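So the chains spell out like this:
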Number of protein chains: 2
Amino acid sequence: MKIITGNICAPKGFLASGTFAGIKRNATKKDVALIYSEEPAVAAAMFTTNQVKAAPLLLTQQHLQQTHKLQAVIVNSGNANACTGEQGMRDAIAMANTTAAALKIKPEAVAVSSTGVIGVPLPIEKITSNIGQAVDQLSATENLDAAIAIMTTDTFPKPIAVECEIAGKTVRIGGITKGSGMIHPMMATMLAFITTDVAISQEALQHALKLATDASFHMITVDGESSTNDMVLILANGMAGNAEISSIESPEWQTFFQALQFVCIDLAKQIAKDGEGATKLIEVHLSGASTLADARIAARNICRSSLVKAAVFGEDANWGRIVSAIGASGIVVHPEKISVSLEDLNLFKQGQPVAFDEALARTLLQEKTVRFFVDLGMGEEKTTAWGCDLTYDYVKINASYRT
Amino acid sequence: MKIITGNICAPKGFLASGTFAGIKRNATKKDVALIYSEEPAVAAAMFTTNQVKAAPLLLTQQHLQQTHKLQAVIVNSGNANACTGEQGMRDAIAMANTTAAALKIKPEAVAVSSTGVIGVPLPIEKITSNIGQAVDQLSATENLDAAIAIMTTDTFPKPIAVECEIAGKTVRIGGITKGSGMIHPMMATMLAFITTDVAISQEALQHALKLATDASFHMITVDGESSTNDMVLILANGMAGNAEISSIESPEWQTFFQALQFVCIDLAKQIAKDGEGATKLIEVHLSGASTLADARIAARNICRSSLVKAAVFGEDANWGRIVSAIGASGIVVHPEKISVSLEDLNLFKQGQPVAFDEALARTLLQEKTVRFFVDLGMGEEKTTAWGCDLTYDYVKINASYRT
């Protein structure tokens with residue numbers, strides 16, 4: 001497997017555009033992304049478990065129940081179309097219908113997604129009148145337009161693409177994502193759109209996406225807030241020409257899954273790194289858990305802790321907050337078996353504090369990526385979680401008017 | 001029932017002191033509190049459910065298992081004596097033993113409590129050599145010395161006392177508490193010490209304390225962090241002279257419980273108001289829940305939300321974040337039944353956004369106490385939760401070296 005350029009247009013047959021409809025207050029920013037596959041693509045998705053779900057997400061769920069094949073994804077940023085009542089659903093339907101008409105496909109082949117402020121009606125005319133332009137500008141040439149058009153408080157676009165060999169054919173997977181605040185995905189995440197030209201059955205694709213999501217988007221947190229609009233969507237159009245992967249036991253599925261998981265982890269880390277106000281990426285490598293579920297709960301709880309996050313911002317090796325976050329996570333632990341280190345520097349070993357070099361700790365904490373290694377001493381399971389520091393700018397961004 | 005002065009020394013037979021042992025970096029601050037009852041007192045307590053428990057908390061649990069009567073509480077601030085290994089337990093025992101010797105009582109009649117930085121060995125000599133002075137300065141005269149000596153990042157001491165009539169006798173309840181960060185009590189809370197001269201059985205006292213804690217300390221959150229040292233302890237020395245309350249069905253128990261609950265809620269609100277960096281107290285009045293448990297989860301989840309907290313700091317009526325926090329709380333809700341208002345101002349009514357007066361909303365948000373009224377439309381249960389806003393100062397306090 002190797003990393004390639006081209007993000008969502010790297011796989012064969014995918015085109016994308018990012019255009020400007022004027023939804024955001026800063027009216028110079030692109031706010032409509034369109035992704036299109038020349039062939040109908042097998043689709044799989046993960047959605048938020050927040051019980052308050054945005055209208056576009058509910059509509060996309062309906063479309064996926066009607067057909068497992070999608071051909072287009074229309075996305076707007078600047079407005080989440082969540083908590084907008086019946087008007088919200090009418091607006092989501094208008095987005096799907098207008099896109100379908102312009103592309104001459106069925107409405108149920110269109111996924112709809114929105115991100116931005118909650119509770120404000122969509123400026124739907126601005127979006128529908130822009131869709132013709134979005135279609136005109138569809139292109140397979142490498143660019144970041146779609147990745148840019150889905151950004152809200154993000155500070156950089158978040159693309160990735162890889163290719164691998166499957167049964168003698170070259171298969172590509174591309175992805176873009178966004179997300180900066182309200183990030184604590186539950187069974188799904190903020191927006192991520194992944195394209196691939198692999199030929200694969202819907203069941204095998206959904207299974208791969210679920211496992212990859214559990215190890216990636218589900219292992220990041222910015223602020224412990226699960227959004228109303230979280231969605232990971234993958235389209236597989238089969239144009240790589242490999243024999244369709246239908247068994248999750250096959251080596252071909254395994255190769256595809258590993259590449260997909262790489263893509264998902266890369267996208268998830270980009271989100272954590274770009275957490276609202278963040279100056280540092282926090283990586284928690286957790287080992288010695290009784291179960292994988294325990295490992296994931298403990299690792300993510302450490303990344304979620306406001307006190308751990310503030311200590312990393314302050315470049316203070318305040319390991320006691322890590323141990324407290326583990327103890328409060330709800331999993332069974334024995335404090336006397338817990339060890340914590342910062343890179344190679346032991347801070348706490350089997351329940352006993354270690355006298356450590358404070359100057360060295362501070363140097364390690366000045367890096368852009370801060371890695372903690374935590375061992376629970378309970379078993380063999382391990383995992384990694386990602387988060388970011390808590391800074392003045394997180395407060396500033398979220399205290400400002402209706403972000 | 002009426003509010004009286006004197007806090008923990010208001011009930012008959014209780015003395016207290018707050019002295020200076022030199023534990024804190026700011027060496028002018030009092031850091032040792034001692035509470036003493038002239039008669040052995042029936043004791044009940046709630047402890048943190050964090051699985052990483054501080055040594056003094058484990059020792060106090062042992063003492064309460066050996067005897068349900070306590071006569072003294074020794075507390076230090078500036079150091080939590082948590083995650084300090086075997087030395088931590090030896091130091092907690094030394095605090096109990098030295099206090100017991102100075103007061104000529106048994107070590108198991110002494111509760112020990114510590115609060116402050118995690119993972120640093122106690123300067124135990126400073127504490128033990130100070131205990132003679134702590135005993136000498138015991139006084140029943142009204143003062144805030146003990147309330148001040150238990151403070152860490154608190155900005156004001158937190159006392160309360162009430163009196164009520166029980167079967168013809170005047171009964172008093174006094175309390176002090178501390179807590180400012182690492183506040184998201186789980187089955188107990190940060191330090192709170194409550195005294196009363198009521199005559200009551202241990203079972204009736206424990207039951208009253210549990211119910212009162214559920215409605216008070218368990219309904220506040222500052223930062224979603226459950227501490228290693230949370231403890232609520234009540235001592236009842238019986239000196240009011242009432243016939244011992246032994247039945248939780250009796251009107252006398254009900255009168256005592258109502259007064260105790262008032263004390264606990266008052267103390268809990270003082271903690272939320274003094275949350276690290278806070279400028280505003282947030283009150284969430286939640287109604288229309290199917291169960292009391294659901295009401296409590298939803299109300300506390302709103303108060304815990306970093307995004308809701310930041311919006312209140314920014315004086316922005318961003319109700320979408322409240323609805324999202326409800327949806328993510330894990331309880332069953334129907335978005336179309338949810339209503340949210342800020343004081344009397346409707347923001348969201350039965351699933352539909354309401355056009356509201358933004359200027360009026362901003363005026364309401366400029367108050368020191370911000371009240372949201374949330375109705376889930378699912379049933380008849382209701383509750384209140386308290387929190388505080390998320391400010392630059394929360395980050396500043398927790399990013400600074402080893403608080």
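Owing to the predicted nature of the structure, the values given are computational and were not obtained by experimental measurement. (Residues numbered from 1 in each chain as written. Chains lettered and ligands numbered in written order. Predicted model: local features only at pLDDT ≥ 70, side-chain atom pairs only at ≥ 80, totals over all residues. Heavy atoms only, no water.)

Of regular secondary structure, chain A possesses 12 helices and 15 strands. If you line up chain A on its principal axes, its C-alpha atoms span 70 × 55 × 35 Å. A buried classification covers 62% of the 403 residues belonging to chain A. Within chain A, residue pairs in contact and separated by at least 24 positions form 80% of the contacts whose partners lie at least 6 positions apart. A total accessible area of about 13,800 Å² is found for chain A, and carbon and sulfur atoms account for 52% of it. When the 33 positive and 40 negative side-chain charges of chain A are each reduced to one mean point, those points stand 4 Å apart. (Helix = DSSP H or I, 4+ residues; strand = E, 2+ residues; numbered from the N terminus. Buried < 20%, exposed > 50% of the residue type's maximum accessible area, 1.4 Å probe, protein only. Contact = heavy atoms within 4.5 Å. Areas by Shrake-Rupley, 256 points an atom, 1.4 Å probe, with all protein chains shown as cover. Lys, Arg positive; Asp, Glu negative; His and termini not counted. Charge placed at Lys NZ, Arg CZ, Asp CG, Glu CD.)

This paragraph deals with the interface of chain B and chain A. In many analyses, interface size is given as the accessible surface area lost on bringing the parts together. Chain B puts 61 residues into the contact, and the matching count from chain A is 61 residues. Summed over both sides, the interface of chain B with chain A buries roughly 4,600 Å², with 54% coming from carbon and sulfur. Seen at the junction of chain B and chain A, the total is 0 salt bridges. At the surface where chain B touches chain A, the tally comes to 2 residue pairs in polar contact (both at pLDDT 80 or more). Looking at the side of chain B that touches chain A, the elements with two or more residues in it are α2 (85–103), α9 (306–313), α10 (319–327), β13 (352–353), α11 (358–365) and α12 (392–399) of chain B. (Buried area = accessible area lost by both parts, 1.4 Å probe. Salt bridge = Lys/Arg side-chain N within 4 Å of Asp/Glu carboxyl O. Polar contact = N/O pair within 3.5 Å; in protein donor to acceptor, adjacent residues only side chain to side chain.)

Orientation of helix α12 (residues 392–399) of chain A relative to α12(B), taken along the N-to-C sense of each, is 170 degrees, at an axis distance of 8 Å. With respect to α12(B), the axis of α12(A) lies roughly antiparallel. As α12(A) runs across α12(B), the sense of the crossing is right-handed. Packed against α12(A), whose contacting residues are Tyr392(A), Val395(A) and Lys396(A), the element α12(B) presents Tyr392(B), Val395(B) and Lys396(B) at the interface. Of the residues contributing to the contact of α12(A) with α12(B), the split by class is 4 nonpolar, no polar and 2 charged. (Axes fitted to C-alpha atoms, helices over the stretch in contact; angles between N-to-C directions. Parallel < 35°, antiparallel > 145°, perpendicular 65-115°, else oblique. Left-handed = near helix turned anticlockwise from the far one by under 90°. Nonpolar A, V, L, I, M, F, W, Y, C, P; charged D, E, K, R; others polar.)

Let us now look at the relation of the copies chain B and chain A. Each copy superposes on the other: chain B lies on chain A with an RMSD of 0.0 Å after a rotation of 180 degrees and an axial shift of 0.0 Å. Both chain copies can therefore be described as sitting about a two-fold axis. Across chain B, the smallest distance between a C-alpha and the rotation axis is recorded for Tyr392(B), namely 2.6 Å. Both copies share a contact surface, since 100% of the interface residues of chain B are interface residues in chain A too. (Least-squares fit on C-alpha atoms with pLDDT ≥ 70 in both.)

Before going further, it helps to examine the pairing of strand β12 (residues 345–349) of chain A. All names here are of chain A. Judged from the 3 bridges that link them, strand β11 (residues 339–342) and β12 form a sheet pairing that is antiparallel. Bridge pairing in β12 places Leu342 opposite Leu345. Counted along the chain from β11 to the antiparallel partner β12, the turn is 2 residues long, and its residue Glu343 has a positive phi close to 50 degrees. Summarising the sheet, β12 and strand β13 (residues 352–353) pair through 2 bridges and their orientation is antiparallel. By the bridge assignment, Phe348 is partnered in β13 with Pro353. From the end of β12 to the start of β13, which pair antiparallel, there are 2 residues, and Gln350 there has a positive phi angle of about 45 degrees. (Pairing = 2+ DSSP bridges.)

What follows is about the sheet that holds β13(A). Residue and element names in this part refer to chain A. Taken together, 6 strands build an open sheet; the order of strands is β13-β12-β11-β14-β10-β15 and the sheet is mixed. Every interior strand has two partners, whereas the edge strands, β13 and β15 (381–388), have only one. As paired strands, strand β10 (residues 281–289) and strand β14 (residues 369–375) are joined by 7 bridges and run parallel to one another. In the sheet register, Val284 faces β14, and the bridge partner there is Phe372.

Across the sheet, which stays open at both edges, the 6 strands sit in the order β13-β12-β11-β14-β10-β15 (chain B) with mixed pairing between neighbours. With partners counted over all chains shown, the strands left at the sheet margins are β13 and β15 (381–388) of chain B, one partner each.

Taken N-terminus to C-terminus, the directions of helix α9 (residues 306–313) of chain A and α12(B) make an angle of 70 degrees; their axes are 8 Å apart at the nearest point. Looking at the two axes, α9(A) sits roughly perpendicular to α12(B). Contacts between α9(A) and α12(B) involve Ser306(A), Leu307(A), Ala310(A), Ala311(A) and Phe313(A) from the first element and Tyr394(B), Val395(B), Asn398(B) and Ala399(B) from the second. A breakdown of the residues in the contact of α9(A) with α12(B) according to their chemical character gives 7 nonpolar, 2 polar and no charged.

Right, let's talk about the pairing of strand β14 (residues 369–375) of chain B for a bit. All names here are of chain B. Residues of β14 alternate between two faces, with Val370, Phe372 and Val374 buried on one and Thr369, Arg371, Phe373 and Asp375 left unburied on the opposite face. Bridge analysis of strand β11 (residues 339–342) against β14 gives 4 bridges, and the strand direction is antiparallel. Across the sheet, the residue bridging to Ser339 is Asp375, located in β14.

With that settled, the discussion passes to unusual backbone geometry. Residues and elements named next belong to chain A. The backbone phi angle of Asn81 is positive, close to 45 degrees, even though this residue is not glycine. Here Asn81 shows up in the loop between β4 (69–79) and α2 (85–103). On the basis of relative accessible area, Asn81 is assigned to the buried category, the value being 0%.

Residues and elements named next belong to chain A. A complete count under the given rule lists 22 salt bridges over all chains for this structure. Between Glu163 and Arg172 there is a salt bridge, with the nearest N and O atoms lying 3.9 Å from each other. The same class applies to Glu163 and to Arg172, which are both buried. Because the salt bridges share partners, they merge into one network encompassing Lys2, Glu163, Arg172 and Asp197.

Time to look at the side chain of Thr19(A). Residues and elements named next belong to chain A. Here Thr19 lies in strand β2 (residues 14–19). Among the polar contacts made by the side chain of Thr19, one reaches the side chain of Asn130 at a distance of 3.0 Å. Setting aside chain neighbours within four positions, we find Thr19 in contact with Lys30, Asp31, Val32, Asn130, Gln133, Ala134, Gln137 and Ala149.

Turning our attention to the environment of Asp136(A). Residue and element names in this part refer to chain A. Topologically, Asp136 is positioned in helix α4 (residues 131–136). Overall, the relative accessible area of 66% leaves Asp136 in the exposed class. The spatial distance from the C-alpha of Asp136 to the C-alpha of Ala236 is 23 Å, given a sequence separation of 100 residues.

Residue and element names in this part refer to chain B. On the surface, Met1, Ile3 and Phe262 cluster together to form a nonpolar patch covering roughly 300 Å² of accessible area. With respect to the helices and strands, the residue Phe262 is situated in helix α7 (residues 251–273). On the accessibility criterion, Phe262 (32% relative accessible area) is partly exposed. (Patch = residues over 30% accessible without salt bridge, like charges linked within 9 Å, V, L, I, M, F, W, Y side chains within 5 Å.)

So, about helix α8 (residues 292–304) of chain A. With 13 residues, α8(A) extends 18 Å between its outermost C-alpha atoms, agreeing within 8% with the 18 Å of an ideal straight helix rising 1.5 Å per residue. Along α8(A), the residues that are buried comprise Asp294(A), Ala295(A), Ala298(A), Ala299(A), Arg300(A), Ile302(A) and Cys303(A). (Expected span 1.5 Å × (residues − 1).)

Okay, the confidence of the model for chain A next. For chain A, the mean per-residue pLDDT works out to 90, and 96% of the residues sit at or above 70. Taken together, the chains of this predicted complex give a pTM of 0.79 and an interface ipTM of 0.76. (pLDDT = per-residue confidence, 0-100.)

One pass over the full model with this rule turns up 7 aromatic pairs over all chains. Summarising the aromatic geometry, the rings of Phe313(B) and Tyr392(B) are spaced 5.5 Å apart at their centres and angled 85 degrees between planes, so their arrangement reads as edge-to-face. Residue Phe313(B) is found in helix α9, and its partner Tyr392(B) is found in helix α12; the two are separated by 79 residues along the sequence. When the ring of Trp319(B) is compared with that of Phe348(B), the centres are 4.6 Å apart and the planes differ by 20 degrees; the resulting orientation is stacked. One end of the pair, Trp319(B), is in helix α10; the other, Phe348(B), is in strand β12 (residues 345–349), and 29 residues separate them in sequence. Each member of the pair, Trp319(B) as well as Phe348(B), is classed as buried. Among the aromatic side chains, those forming a connected cluster through ring pairs are Phe313(A), Tyr392(A), Phe313(B) and Tyr392(B). Directly above the aromatic system of Phe156(A) lies the positively charged group of Lys158(A), at a separation of 4.6 Å from the ring centroid. (Phe/Tyr/Trp six-rings, centres within 6.5 Å; stacked < 30°, edge-to-face > 60°. Lys NZ or Arg CZ within 6 Å of the ring centre and 35° of its normal.)

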